[in-house]
Amino acid sequence: MSAHSETPSDGASIAAATTHQRQLLYRRSPHYGSRRGAAVRWVVLHADVSPRESATLDWLCDPRSQVSYHVLIHRNGDLTRLVADDRAAWACGVSRWKGVEYLNRHSVSLAFSNRHDGTEEITAAQRATALWQLSVWRASYPIEEVLTHAMISPGRKTDPDRIPNFRLEDYA
């Protein structure tokens, strides 16, 4: 099973596989659309602003939320796949970068489970899993840059920049 496949081969909406000492979990979010032929150019990093992964996952799968990510990285380093990479996750909202608006169709999105309160740090396990996922994406797509939600939605979003030990250059 590929770490970047949409769902396990049996089509279950929740399943698990283990790799690199981390669990790869699958939970399908309904919040995605077509890339309409757009190529993946960027990775956008987010913070979920929640104290519990379970609450985040419930919200991302709730029809009312209208938001999702491709992957959510748990504090313990586990990774939950929510949207297949060949689909546009509804993660970026109103956004702009290098003349491109609404980056959902042009990006893959990774969210760190983190309260984003200026005190909670990214764990070493999260960093390791994020670097692993980035290597998977870089092997699959011609990634031009790794960006933050704050960079593409200035004045509207601040994540993940308020995480004390977050440094974009660690992921670039």
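Above: the structure in question.
Note that the coordinates shown come from a computational prediction; the quantities given were computed from them, not determined experimentally.

S.K.: Residue-level account of helix H2 (residues 124-140), with values.
M.R.: Relative to the 24 Å expected for 17 residues at 1.5 Å per residue, H2 spans 25 Å between its end C-alpha atoms, a close match to the ideal helical length. The set of residues buried in H2 consists of Ala125, Gln126, Thr129, Ala130, Trp132, Gln133, Leu134, Val136 and Trp137.

S.K.: Can you lay out the packing of aromatic side chains for me, pointing to particular residues and giving the numbers?
M.R.: Within the structure shown, the criterion is met by two aromatic pairs. Centroid distance Phe166 to Tyr171: 5.7 Å. Interplanar angle 10 degrees. Geometry classified as stacked. Exposure remark for Tyr171: the relative accessible area of 1% places this residue in the buried category. Within the aromatic cluster, the residues linked to one another by ring pairs are Phe112, Phe166 and Tyr171.

S.K.: Run through the environment of Ser34, naming residues and quoting values.
M.R.: Tracing the backbone shows Ser34 in the loop between strand S3 (32-33) and strand S4 (42-47). According to the relative accessible area criterion, Ser34 is partly exposed, its value standing at 48%. C-alpha of Ser34 to C-alpha of Ala89: the two residues are 55 residues apart in sequence and 8.8 Å apart in space. Ignoring any residue separated from it by four or fewer positions in sequence, one finds Ser34 in contact with Ala88 and Arg105. Reaching out from Ser34, the side chain makes a polar contact with the backbone nitrogen of Arg36 at a distance of 2.8 Å.

S.K.: Tell me what's going on with the nonpolar core, and back it up with residues and numbers.
M.R.: If you look at the biggest cluster of nonpolar residues, it comprises 23 residues, and the most contacted ones within it are Val43, Leu45, Leu110, Phe112, Trp137, Phe166 and Tyr171. Secondary-structure elements contributing two or more residues to this core are strand S2 (22-27), S4, strand S5 (71-73), strand S10 (107-112) and H2. Excluding residues that lie within four positions of it along the chain, Leu110 makes contacts with Val44, Leu45, His46, Val71, Ile73, Ala130, Gln133 and Trp137.

S.K.: Got a sec to walk through helix H1 (residues 53-61)? Specific residues and values, please.
M.R.: Every buried residue of H1 is listed here: Glu53, Thr56, Leu57, Leu60 and Cys61. Projected down its long axis, H1 shows its buried positions confined to an angular sector of 125 degrees, all on one face. As for H1, its buried residues are in contact with S2, S5 and strand S6 (79-81).

S.K.: Help me get a handle on the layout of surface pockets, residues and values and all.
M.R.: The space that makes up the largest pocket amounts to roughly 360 Å³. What lines the largest pocket is a set of 23 residues, and nearest its centre among them are Val67, Tyr69, Ala91, His149 and Lys157. Elements with a contribution of two residues or more to the lining of the largest pocket: S4 and H1. Among the elements that line the lining of the largest pocket, the one with the most residues is H1, at four residues. Counted by class, the lining of the largest pocket contains 10 nonpolar, nine polar and four charged residues.

Basis of the calculations
For every chain, the first residue of the written sequence is number 1, and numbering continues from 1 along that sequence. Only residues with pLDDT of at least 70 get local features here, since the model is predicted, and only at 80 or more are side-chain atom pairs given and counted; chain-wide, interface and lining totals rely on the full set of residues. The basis for every side-chain value is the complete set of heavy atoms in the structure, and neither hydrogens nor water enter the calculation. Helix numbering and strand numbering both begin at the N terminus, where a helix is a DSSP run of H or I of at least 4 residues and a strand a DSSP run of E of at least 2. What a helix is expected to span follows from its residue count: subtract one and scale by 1.5 Å. For each residue, the accessible area found with a 1.4 Å probe, counting protein chains only, is set against the maximum for its type, and the residue is called buried under 20%, exposed over 50%, and partly exposed in between. Classification of ring pairs rests on two measures: the distance between centres of Phe, Tyr or Trp rings, Trp counted by its six-membered ring, which must be within 6.5 Å, and the angle between planes, read as stacked under 30 degrees, edge-to-face over 60 and tilted in between. Residue contacts are defined here by distance: any two heavy atoms, one from each residue, within 4.5 Å place the two residues in contact. N or O atoms closer than or at 3.5 Å make up a polar contact, with two conditions inside protein: a donor-capable atom paired with an acceptor-capable one, and, for residues adjacent in sequence, both atoms drawn from side chains. Among buried residues, those of type Ala, Val, Leu, Ile, Met, Phe, Trp, Tyr and Cys that are joined through side-chain atoms within 4.5 Å constitute a nonpolar core. Note: the arc covers the axis-to-C-beta directions of the helix. Whether a set of points on the 1 Å grid over the protein atoms alone is a cavity depends on a 1.4 Å probe fitting there but being unable to get out, while an open set qualifies as a pocket with protein on both sides within 12 Å along at least five of seven lines; lining residues are those with an atom within 4 Å of a point. Grid points are joined across faces, edges and corners, and a volume is the space filled by probe spheres set on the points. Amino acids outside the nonpolar list (Ala, Val, Leu, Ile, Met, Phe, Trp, Tyr, Cys, Pro) and the charged list (Asp, Glu, Lys, Arg) are all regarded as polar, and Gly is one of them.

Keep in mind these values describe shape, not function.
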